[in-house]
Amino acid sequence: MKSDFLKVSTEKGVGRIRLHRPEVLNALNRQMVADLVEQLESWDRDEHIGAILLLGGPKAFAAGADIEEMAQATAVEMLRLDPFVDWDRIRKISKPIVAAVQGYALGGGCELALACDLILASESAQFGQPEINIGVMPGAGGTQRLTRAVGKARAMEMVLTGKPITAQEAFQAHLINRVVPEEALEEEATKLAEELASKPPVALRLAKQAVSKAAEVGLTEGLDYEQKLFYFLFSTEDQKEGMQAFSEKRRPTFRGK
């Protein structure tokens, strides 16, 4: 697809999306999010894509939502537009999404990173939910995913004060997976996405579902869900190939079947 706001490419089973509104630090307007979701869903259906890498720019992953777009909106207009319906579609992407964050990931930018499955950040990265400073609050998962990631105390402080945290603080709070040097971020994130893309596709998809489920249900229900998915994988060709390759001490060839 073509988009004024995204740069898109594919290589080695990885779909790469770079957010591209540098003049406004990648502020997320409705069309940009719609284009992003359309691309994610297209690759989710593409058997040649195993993982997705989402990048921003050197100064900002995304510095927030496009405030000018919504500043004069009424409550009824926001309800009618329902801008978060596209964000709900991101949650349904079955393939793993890796976010590579440099610079600011604030407001909607932080929420977009949180909607991904793995987050790598450079030493310059900052994560925050500053919506309180403009009279609103997070609306695309910032109170829910953030709290599940860092706990109530840290989330409450970030949301109520609007103050950002550094990449190292985000790592210590379990918000992100890894902090890497500035110059190595894209390379490390690419390696991780390529590693994921090499895994058996069906098992990868179901494993993502199971981990995501853990944040939504109690332990007993989660264990039941995990076991059903585990048993189901024994109906796949990839399970037979993976275990046979292990026995024969060779690399498996997964086909997503």
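In every chain, residue numbers begin from 1 and rise along the written sequence. Residue-level local features of this predicted model are given only where pLDDT is at least 70; pairs of side-chain atoms are given and counted only at 80 or more, and the full residue set underlies all totals for whole chains, interfaces and linings. As a rule here, side-chain values cover all heavy atoms of the structure and leave hydrogens and water aside.

The protein carries the name Enoyl-CoA hydratase-related protein in an unreviewed UniProt entry, which gives Kroppenstedtia sanguinis as its organism. UniProt positions are given in the numbering used here, feature names are shortened, and annotations may be inferred rather than shown by experiment. According to UniProt, the comment filed for the protein under the heading Sequence similarities (unreviewed entry) is "Belongs to the enoyl-CoA hydratase/isomerase family."

Quick word on helix 9 (residues 185-197)
If you check helix 9, its first and last C-alpha atoms are 18 Å apart, about what 13 residues at 1.5 Å a residue would give, namely 18 Å. Turning to helix 9, its buried residues are Leu185, Ala189, Thr190, Leu192, Ala193 and Leu196. Seen along its axis, helix 9 keeps its buried residues to an arc of 165°; they face one direction. Each helix is a run of H or I in the DSSP string that is no shorter than four residues. Each strand is a run of E no shorter than two, and both are numbered from the N terminus. For a helix, the expected span equals 1.5 Å multiplied by the residue count minus one. A simple rule labels every residue: compare its accessible area, found with a 1.4 Å probe on the protein chains alone, to the largest value its type can have, and call it buried under 20%, exposed over 50%, or partly exposed in between. The reported arc concerns the directions from the helix axis to the C-beta atoms and nothing else.

Focus on the pattern of salt bridges
Salt bridge, as applied in this entry: a Lys or Arg side-chain nitrogen positioned within 4 Å of an Asp or Glu carboxyl oxygen. Evaluation of the coordinates by the stated rule reveals 12 salt bridges. Across the pair Arg89 and Glu41 runs a salt bridge whose closest N-O atoms are separated by 2.6 Å. Pair noted here: Arg89 is in helix 4 (residues 85-91) and Glu41 is in helix 1 (residues 30-44), with a separation of 48 residues, a long-range link. Each of Arg178, Glu187, Glu188 and Lys191 takes part in a single network of salt bridges with overlapping partners.

Some points on the pairing of strand 3 (residues 51-55)
Strand 3 sits mainly inside the fold: five of its five residues count as buried. By the alternation rule, side chains of strand 3 split into Ala51, Leu53 and Leu55 and Ile52 and Leu54, which are all buried. Place the viewer so that the strands point away; then a crossover is right-handed whenever the path from the first strand over the helix to the second strand goes clockwise. Handedness of the crossover joining strand 2 (residues 14-19) and strand 3 through helix 1: right-handed. Pairing between two strands is assigned when DSSP locates at least 2 bridges connecting them. As paired elements, strand 3 and strand 5 (residues 97-101) share four bridges and run parallel to each other. Looking at strand 5, one finds that Leu53 is bridged to Val98.

Things to note about the nonpolar core
Soluble globular proteins: nonpolar side chains tend toward being buried together. Here, nonpolar core means buried Ala, Val, Leu, Ile, Met, Phe, Trp, Tyr and Cys residues that are tied together by side-chain atoms lying within 4.5 Å of each other. If you look at the biggest cluster of nonpolar residues, it comprises 45 residues, and the most contacted ones within it are Leu54, Phe61, Val101, Leu112, Phe127 and Leu175. Grouped together as the second largest cluster of nonpolar side chains are 14 residues, Ala51, Leu55, Leu120 and Val180 included.

Details of a nonpolar patch on the surface
Patches in this entry comprise residues that are over 30% relatively accessible and not in a salt bridge; like charges within 9 Å are linked, as are nonpolar side chains (Val, Leu, Ile, Met, Phe, Trp, Tyr) within 5 Å. Accessible surface is estimated by sampling points in the Shrake-Rupley manner with a 1.4 Å probe; for residues, cover comes only from the protein chains shown. A cluster of nonpolar side chains, namely Ile67, Met70, Ile134 and Val136, defines an oily patch on the protein surface of about 320 Å² accessible area. Tracing the sequence through the fold places Ile134 in the loop between strand 8 (126-128) and helix 6 (145-150).

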